[in-house]
Amino acid sequence: MILVSACLLGENCKYNGGNNDNPCVKAYLAGKEYVAVCPETFGGLKSPRDPAEIRGGRVFLKDGTDVTEAFRAGADIVLEMAKKTGATEAILKEASPSCGRNLIYDGTFSGTKIKGCGITVQALLKEGISVKSEQDLEKEQNV
């Protein structure tokens, strides 16, 4: 079983109300069992909403609201889903404060990315679940 960021499958759950539909991810998943996840929605955040970034280990909306607990709650739900479904792999949205695998935004809302993992990715990796981003997958597939 594979966990997949719902936005990569075309679901409009992104912070701005849109999605990150990704044909490479969809092609990779053809014939495989997977479940769509959106930790931010699972944690109670609505879409659209202000963008969020990690700063000092906590997650803040652009207006300064601390939404760390919502992000942690969403990560806990995704982790529980992984355990219940026997998921061993996840493909999640790069740079997201929940799902970023290699990069996250630096917390200044300036568009600057830094090395780091999102809240959900941290939880999954701690449990031994393999996580890659859609960008990792595209590199593997030579897209």
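The present account deals with the structure reproduced in this document. The residue count restarts for each chain, going from 1 along the sequence in the order it is written. For a predicted model such as this one, the threshold for reporting local features is a pLDDT of at least 70, and the threshold for listing and counting side-chain atom pairs is 80 or more; totals across whole chains, interfaces and linings nevertheless cover every residue. For the side-chain quantities, the full set of heavy atoms in the structure was used; hydrogens and water were omitted.

Regarding the sheet that holds strand E8 (residues 130–133)
- Strand order in the open sheet made by the four strands is E2-E1-E5-E8, with parallel pairing throughout. Edge positions in the sheet fall to strand E2 (34–37) and E8, since each of these pairs with one other strand and no more. Ignoring strand direction, the axes of neighbouring strands in this sheet form an average angle of 20°.
- Criterion used throughout: strands pair if DSSP finds at least two bridges between them. Starting at the N terminus, helices and strands are each numbered in turn, a helix being any DSSP run of H or I of at least four residues and a strand any DSSP run of E of at least two. Note that strand E5 (residues 89–92) and E8 share four bridges and pair parallel. Bridge pairing links Ile-91 to Lys-132 in E8. Here the axes come from fitting lines to C-alpha atoms, over the contacting stretch only for helices, and the angles between their N-to-C directions go from 0 to 180 degrees.

Regarding the side chain of Ser-98
- Within the fold, Ser-98 resides in the loop between E5 and strand E6 (103–105).
- Two residues form a contact once any of their heavy atoms are found within 4.5 Å. Excluding residues within four positions of it along the chain, Ser-98 makes contact with Pro-39, Glu-40, Phe-71, Gly-118, Ile-119, Thr-120 and Val-121.

Structural notes on the pattern of salt bridges
- When a carboxyl oxygen of Asp or Glu lies within 4 Å of a side-chain nitrogen of Lys or Arg, that pair is called a salt bridge. Evaluated as defined, the whole model comprises eight salt bridges.
- In this structure, Arg-58 engages Asp-66 in a salt bridge whose closest nitrogen and oxygen atoms are separated by 2.8 Å.
- By relative accessible area, which is 30% here, Arg-58 ends up partly exposed.
- The partly exposed category is assigned to Asp-66, whose relative accessible area is 34%.
- With a closest N to O distance of 3.8 Å, Glu-89 and Lys-132 form a salt bridge. With a gap of 43 residues between them, Glu-89 in strand E5 and Lys-132 in strand E8 connect regions that are remote in the sequence.
- A single salt-bridge network, built from bridges that share partners, covers Arg-58, Asp-66, Glu-69 and Arg-72. Partly exposed describes any residue whose relative accessible area lies between the buried limit of under 20% and the exposed limit of over 50%, with all areas from a 1.4 Å probe on protein chains only and scaled to the type maximum.

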